[in-house]
Amino acid sequence: MTRIAAVHGALAPHRHSQSEITDMVARTCLPEDGDRRVLDRLHRSTRVGSRHMTLPLERYGTLDGFGAANNVFITAATDLGAKAVRAVLRTAGLTTADVDLLIFTSVTGIATPSIDARLVGRLGLRPDVHRLPLFGLGCAGGAAGLARMHDYLLGRPGRVAVLLSVELCSLTFQRDDASMANLVATGLFGDGAAAVVAYGAEHPDATLGPTIVDTRSHLYPDTGHVMGWDISSSGFQVVLDPRLPDLVRRYLADDVEGFLGDHGLKPKDVTAWVCHPGGPKVLGAVAEALDLSADALDVTWRHLAHVGNLSSSSVLHVLRDTLAERRPPPGTPGLLLAMGPGFASELVLLRW
């Protein structure tokens, strides 16, 4: 089985309270002298207390179009990604020369050469390192990245893989857009990164840390319109269908119960749930669908309150915090789960 050696979370440099960000959104998204009561209500309902942003708040009103925002993404994602990879390798006691695979996932900017390619020379990774850039998985990208890392290490069990997620969600906020979807997104999403180091089962250092036992992906029928981007000259315009919690209630329990059942397990056997913070209504639907105890998602709720939803990076932050805070009993099962555009779920069965 794949052994997770280290997890590191990083955050963008500018931290602001939710009320400060709400004021910025009112200035940049609402009509002049517009009524902001709906905006205030939506931002309060996210249960987010503070977030980290890539730019100072006053800069967001000056970003002119997709090109300007994406140029900031390339520079900032490379900087933050480099910090995250250096830190996770240091935690694992590895050098950049030890890395055999670098997976990069993001849905908040595009780059060719991709961010992972730009990091090879900057970090001093080997020129023959395998690279796998992933785009379009959205909030499920962190879980899917772990799954693809596991696939690689099953075939190359003596090797080392690194997964890097960088999501700079604030750069996708749309100026002069007072739509409900944009206002919800501007109240929920923040900027951050996460990196994971994993060993194949035959690596000599694969002795400590949780293992990945199995993974599962599931695309749901006729749901491609409920989450994603509409891409225009102004950039990434968010698509968030209010029926998302209903889809979670409809599909998630069968997926989780079937996946666990294939390993002789039931939901009650899971000692820690590592869940992506999709927002209060989605988290409520997850807890309801899986009949979870009142405290089962506490780590996820705290993450949401402290930094918001970091898209694909969030579930990896929650994994890090679960290992540090909950300290699940060794040898017991855990389940990491996230959902994203498709509409799809990604499940990762862990053994603590």
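Treat the numbers as computed from the prediction; the structure is a model and nothing was measured.

**Section: the packing of aromatic side chains**
Under the defined criterion, the tally for this structure stands at five aromatic pairs. The rings of Phe 66, Phe 135, Trp 229 and Phe 236 are connected pair by pair, giving a single aromatic cluster. Across from the ring centre of Trp 301, 4.1 Å away, lies the NZ or CZ of Arg 47, which sits over that ring.

**Details of the nonpolar core**
By size, the foremost hydrophobic cluster in this structure holds 91 residues, and its most contacted members are Leu 164, Trp 273, Val 286 and Phe 343. In terms of residue count, the dominant contributor to this core is helix H3 (residues 65-92) (13 residues). Membership of the second largest hydrophobic core comes to 28 residues, among which are Val 7, Leu 146, Val 318 and Val 348.

**Quick word on the UniProt feature "domain: Chalcone/stilbene synthase C-terminal" (unreviewed entry) in the chain**
If you check UniProt for "domain: Chalcone/stilbene synthase C-terminal" (unreviewed entry), the listed places come out as residues 217-351 in our numbering. Across residues 217-351 one finds 39% helix and 26% strand; the C-alpha atoms that close the span lie 19 Å apart.

**Regarding the packing of helix H9 (residues 298-307) against helix H10 (residues 314-326)**
When two helices pack together, their arrangement is given by the angle between the helix axes and the distance between those axes. The contact between H9 and H10 brings their axes to 9 Å, and the two run at 125 degrees. Our classification of the angle between H9 and H10 gives oblique. H9 and H10 meet at a crossing whose hand is right-handed. Here H9 contributes Asp 298, Val 299, Thr 300, Arg 302 and His 303 to the contact with H10, which in turn contributes Ser 314, His 317, Val 318, Asp 321, Thr 322, Glu 325 and Arg 326. The class makeup of the residues in the contact of H9 with H10 is two nonpolar, five polar and five charged.

**So, the packing of H3 against helix H4 (residues 115-123)**
Here H3 crosses H4 at 55 degrees, and the two axes come no closer than 10 Å. Overall, the two elements H3 and H4 adopt an arrangement that is oblique. Remark: the crossing between H3 and H4 carries right-handed chirality. Where H3 approaches H4, its residues Phe 73, Ile 74, Ala 77, Thr 78, Asp 79, Gly 81, Ala 82, Val 85 and Arg 86 are matched on the opposing element by Ile 115, Arg 118, Leu 119, Arg 122 and Leu 123.

What counts, and where the lines are drawn
Residues numbered from 1 in each chain as written. Predicted model: local features only at pLDDT ≥ 70, side-chain atom pairs only at ≥ 80, totals over all residues. Heavy atoms only, no water. Phe/Tyr/Trp six-rings, centres within 6.5 Å; stacked < 30°, edge-to-face > 60°. Lys NZ or Arg CZ within 6 Å of the ring centre and 35° of its normal. Core = buried A, V, L, I, M, F, W, Y, C linked by side-chain atoms within 4.5 Å. Buried < 20%, exposed > 50% of the residue type's maximum accessible area, 1.4 Å probe, protein only. Helix = DSSP H or I, 4+ residues; strand = E, 2+ residues; numbered from the N terminus. UniProt positions renumbered as here; feature names shortened; annotations may be inferred. Axes fitted to C-alpha atoms, helices over the stretch in contact; angles between N-to-C directions. Parallel < 35°, antiparallel > 145°, perpendicular 65-115°, else oblique. Left-handed = near helix turned anticlockwise from the far one by under 90°. Contact = heavy atoms within 4.5 Å. Nonpolar A, V, L, I, M, F, W, Y, C, P; charged D, E, K, R; others polar.

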